Amino acid sequence: MKTSLSYPIGKFETLKPINKGQIAQWIEEIASLPQRMKEAVAGLSAEQLDTPYRPEGWTIRQVIHHVPDSHMNSYIRFCWTLTEDQPTIKAYNEQAWATLPFQSTLPISASLDLLEQIHMRWVHLLKSLNQSDLDKAYIHPDDGKTNKLAKVIGIYAWHGNHHLAHITSLKARMNW
């Protein structure tokens, strides 16, 4: 697997078919992410938090604020999919959200706490899903693709690990 500053753990890949063991592993990765994020940023200075993880990339602070924004949207998409027949979900402009002015002054603790609370609810929901639920799908408006919830669990486990690796790989490169 070739890695880069943009994709330090590579791009998301999954084996087909997705089995119960894989789903359980992904749910555990989602469950443990808030604590792993807190540990990764513990003790970082404001200057370090405002360091981009790559040239022209987001700062660590922006990454920390982005992850709960993204995962909150995913949690809502799961709820829509479980309560509606193959809904077309609402997309959002991640870049625009990440550059909202308040994000640069919001303490990271607010987003770390939000991530913990979202994941508490989301993991409880994910653990309750049966095979029929996992087979339900939503349509993403940007590409028109149908996304089964089983695969989306993997995408978001990867997403959290992906952004965590942005932080940890920067820390390693900078010897922090």
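Up top is the structure these notes are about.
Q: It is not clear to me how the overall build of the chain should be interpreted in this structure. Could you clarify?
A: Check the secondary structure of the chain and you find seven helices and two strands. Mapped in sequence order, the helices and strands of the chain form the string α-α-α-α-α-α-β-β-α. Computed over C-alpha atoms, the radius of gyration of the chain comes to 16 Å, within 12% of the 16 Å expected from 2.2 N^0.38 for 176 residues, which places it in the range of a compact globule. When its C-alpha atoms are laid out on the principal axes, the chain stretches across 45 × 35 × 30 Å. Summed over its atoms, the accessible surface of the chain is roughly 9,700 Å², and 54% of this surface lies on carbon and sulfur atoms. Across the chain, the mean location of the 18 positive side-chain charges is 4 Å away from that of the 17 negative side-chain charges.

Q: What should I look at first to understand helix α7 (residues 149-174) in this one?
A: Since the α-helix turns once every 3.6 residues, residues separated by three or four places project in the same direction. Over its 26 residues, α7 extends 37 Å from the first C-alpha to the last, a length consistent with the 38 Å expected when each residue adds 1.5 Å. Residue asparagine 175 follows α7 closely and has a positive phi angle near 60 degrees.

Q: Before we go on, may I ask you to explain the layout of surface pockets in this structure?
A: One way to see where empty space is left: roll a probe the size of a water molecule over the atoms. Taken as a whole, the largest pocket encloses approximately 1,200 Å³ of empty space. If you trace the largest pocket, you find 42 residues lining it, with Phe12, Asn147, Ile155, Tyr156 and Trp158 closest to the centre. Counting residues per element, the lining of the largest pocket draws most heavily on α7, which supplies 10 residues. By volume, the second largest pocket amounts to about 170 Å³. In this structure, the second largest pocket is lined by Ile9, Gly10, Lys11, Phe12, Glu13, Gln25, Trp26, Glu29, Gly154, Ala157, Trp158 and Asn161.

Q: How should the environment of arginine 36 be read in this particular structure?
A: Summarising the element assignment, arginine 36 is placed in helix α1 (residues 20-41). Between the alpha carbons of arginine 36 and leucine 164 there is a distance of 7.8 Å; along the sequence they are 128 residues apart. Not counting the four nearest positions on each side in its chain, arginine 36 is found in contact with Glu29, Asn161 and Leu164. Among the polar contacts made by the side chain of arginine 36, one reaches the side chain of asparagine 161 at a distance of 2.8 Å.

Q: Looking at this model, I keep getting lost on unusual backbone geometry. Mind explaining?
A: The bulk of non-glycine residues show a negative phi, and the bulk of peptide bonds are trans. Unlike most non-glycine residues, glutamate 56 shows phi in positive territory, near 65 degrees. Among the secondary structure elements, glutamate 56 is positioned in the loop between α2 (46-49) and α3 (60-83). A residue is classified by how much of its surface remains accessible, and glutamate 56, at 83% relative accessible area, is exposed. In this structure, asparagine 175 is a non-glycine residue whose phi angle is positive, near 60 degrees. Classification of asparagine 175 as exposed rests on a relative accessible area of 69%.

Q: What should I look at first to understand the nonpolar core in this one?
A: The tendency in soluble globular proteins is for nonpolar side chains to be buried side by side. Ile23, Ile30, Phe78, Trp122, Leu126, Leu129 and Ile153 are the most contacted members of the largest nonpolar core, which totals 21 residues. Broken down by secondary-structure element, the contributors of at least two residues to this core are α1, α3, α5 (108-127) and α7. The element contributing the most residues to this core is α7, with six residues. When neighbours within four sequence positions are excluded, leucine 129 is seen to be in contact with Phe78, Leu82, Leu134 and Ile153. With 19 residues, the next largest nonpolar core counts Leu33, Val63, Val67 and Leu170 among its residues.

Q: How should I be thinking about the pattern of salt bridges in this particular structure?
A: Within the structure shown, the criterion is met by four salt bridges. As a salt-bridge pair, aspartate 113 and lysine 38 come within 4.0 Å of each other at their nearest N and O atoms. Here the residue aspartate 113 occupies a position in helix α5, and lysine 38 occupies one in helix α1, the gap between them amounting to 75 residues. Lysine 38 gets classed as partly exposed once you look at its relative accessible area, which sits at 24%. Across the salt bridge formed by glutamate 116 and lysine 38, the nearest N and O atoms sit 2.8 Å from each other. One end of the pair, glutamate 116, is in helix α5; the other, lysine 38, is in helix α1, with 78 residues separating them in the sequence. The network of salt bridges with common partners includes Lys38, Asp113 and Glu116.

Criteria and thresholds
Residues numbered from 1 in each chain as written. Predicted model: local features only at pLDDT ≥ 70, side-chain atom pairs only at ≥ 80, totals over all residues. Heavy atoms only, no water. Helix = DSSP H or I, 4+ residues; strand = E, 2+ residues; numbered from the N terminus. Rg over C-alpha atoms; globule rule 2.2 N^0.38 Å. Areas by Shrake-Rupley, 256 points an atom, 1.4 Å probe, with all protein chains shown as cover. Lys, Arg positive; Asp, Glu negative; His and termini not counted. Charge placed at Lys NZ, Arg CZ, Asp CG, Glu CD. Expected span 1.5 Å × (residues − 1). 1 Å grid on protein atoms, 1.4 Å probe; cavity = no way out; pocket = protein on both sides within 12 Å on 5 of 7 lines; lining within 4 Å. Points joined across faces, edges and corners; volume = space filled by probe spheres on them. Contact = heavy atoms within 4.5 Å. Polar contact = N/O pair within 3.5 Å; in protein donor to acceptor, adjacent residues only side chain to side chain. Buried < 20%, exposed > 50% of the residue type's maximum accessible area, 1.4 Å probe, protein only. Core = buried A, V, L, I, M, F, W, Y, C linked by side-chain atoms within 4.5 Å. Salt bridge = Lys/Arg side-chain N within 4 Å of Asp/Glu carboxyl O.

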